[in-house]
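Chains, contacts and geometry: an overview
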Amino acid sequence: MMVYPEEPYWAPPVSGIYDDGDYRVNVVEALQEFWQMKQSRGAELKNGALVIYESVPSNSQPYICYVTLPGGSCFGSFQNCPTKAEARRSSAKIALMNSVFNEHPSRRISDDFIEKAVNEARASFKGGDGEGTDGPDTGIGAFRFMLEANKGRTMLEFQELMTVFQLLHWNGSLKAMRERQCSRQEVVAHYSNRALDDDMRAQMALDWIAREQENPGVLGRELAVAERELETARLAGRELRFPKEKKDILMLAHTQLGGGSTMTS
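No experiment lies behind these values; they were computed from the predicted model shown.

1. Observations concerning the sheet that holds strand 1 (residues 52-55)
Spatial strand order, 1-2-3: three strands in an open sheet with antiparallel pairing. Unpaired on one side and paired on the other, strand 1 and strand 3 (74-76) mark the two borders of the sheet. When strand polarity is set aside, the average angle formed by the axes of neighbouring strands in this sheet is 20°. Alignment of strand 1 against strand 2 (residues 65-68), held across four bridges, turns out to be antiparallel.

Shown next as structure tokens:
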């Protein structure tokens, strides 16, 4: 089993840094300018410096908005927002605070950071199957390889690649590839150059459609769990890319099945 350490993040205080009625700082503009500044100073951003907002369709409050940062990290509105504009500002607030926090030297992937992360992951392994060693075909070895290939980047800039491997593990794809005799480092090398795009989501959705056909109800149960995880993490101001992608993939599978009896209340 490949273990991913929990991501440290900046959580909003009970009384926010910005009060709801205080718009002296345009946080939406400030967030975009922050990432444009990072790009101008040489940050490697594969998809550019564009910050992407996604509003959840709703005809009534509270409104919800997600924002995805360059590098793949995602945050959501964490307040009770009476308008769509306020939901966008709320998501920008938490994303801006985490973007600034991410500049601390402790957030950059260095030799010391890698050793600490690998040691923490190794300590989480149990059993004598060799997975806790640094061998080239073990989970620990692949995790070290993935970190070393991204040395110098910050954790927010590393988030999309981390999310890809979290999804591959959740979806059972890593296990299937290992059964086909693919080494984990080969898998890491391959997926390091793959974007988390609609094609990858569609393939994982097909896997869940197949599971639903074999075991009716499993999709609805997994979707209910994913929705609860996403909502809990959003209200806590946590990074959301992995739980949000899980929900989106499961919703895609649900829709392709016709939106029938797979949903649970």
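2. Some words on the packing of helix 9 (residues 218-235) against helix 10 (residues 241-256)
Orientation of helix 9 relative to helix 10, taken along the N-to-C sense of each, is 150°, at an axis distance of 9 Å. By the angle between their axes, helix 9 is roughly antiparallel relative to helix 10. As for how helix 9 packs across helix 10, the hand of that crossing is left-handed. Each of Leu-219, Glu-222, Leu-223, Ala-226, Glu-227, Glu-229 and Leu-230 in helix 9 lies in contact with helix 10, whose residues at this interface are Pro-243, Lys-244, Lys-246, Lys-247, Leu-250, Met-251, Ala-253 and His-254. Of the residues belonging to the contact of helix 9 with helix 10, the class tally is eight nonpolar, one polar and six charged.

3. With respect to the pairing of strand 2
A regular strand places its side chains so that they alternate between the two faces of the sheet. Judged from the three bridges that link them, strand 2 and strand 3 form a sheet pairing that is antiparallel. Residue Tyr-66 lies in a different strand from strand 3, and its bridge partner there is Gly-76. Hairpin geometry of strand 2 and strand 3 is characterised by an intervening segment of five residues between the two adjacent antiparallel strands and by a positive phi of about 105° at Gly-71.

4. Section: the confidence of the model for the protein
Atom-level detail of predicted coordinates should not be read off regions where pLDDT is low. Summary statistics for the protein give a mean pLDDT of 82 and a share of 82% for residues scoring 70 or more. When the criterion is pLDDT under 50, residues 127-132 qualifies, and its contacts beyond four places in sequence or with other chains add up to twelve contacts.

5. Focus: the pattern of salt bridges
As enumerated under the stated definition, the model contains 14 salt bridges in all. We note a salt bridge from Glu-54 to Lys-244, for which the minimum N-O separation is 2.8 Å. Taken together, the residues Glu-54 in strand 1 and Lys-244 in helix 10 connect sequence positions 190 residues apart. Across the pair Glu-86 and Arg-89 runs a salt bridge, and its minimum N-O distance is 3.2 Å. Here the residue Glu-86 and the residue Arg-89 both occupy positions in helix 2 (residues 84-101), the gap between them amounting to three residues, near one helical turn. Among the charged side chains, a network of salt bridges with common partners joins Glu-160, Asp-198, Arg-201, Arg-241 and Glu-245.

Definitions and limits used
Residues numbered from 1 in each chain as written. Predicted model: local features only at pLDDT ≥ 70, side-chain atom pairs only at ≥ 80, totals over all residues. Heavy atoms only, no water. Pairing = 2+ DSSP bridges. Helix = DSSP H or I, 4+ residues; strand = E, 2+ residues; numbered from the N terminus. Axes fitted to C-alpha atoms, helices over the stretch in contact; angles between N-to-C directions. Parallel < 35°, antiparallel > 145°, perpendicular 65-115°, else oblique. Left-handed = near helix turned anticlockwise from the far one by under 90°. Contact = heavy atoms within 4.5 Å. Nonpolar A, V, L, I, M, F, W, Y, C, P; charged D, E, K, R; others polar. pLDDT = per-residue confidence, 0-100. Salt bridge = Lys/Arg side-chain N within 4 Å of Asp/Glu carboxyl O.

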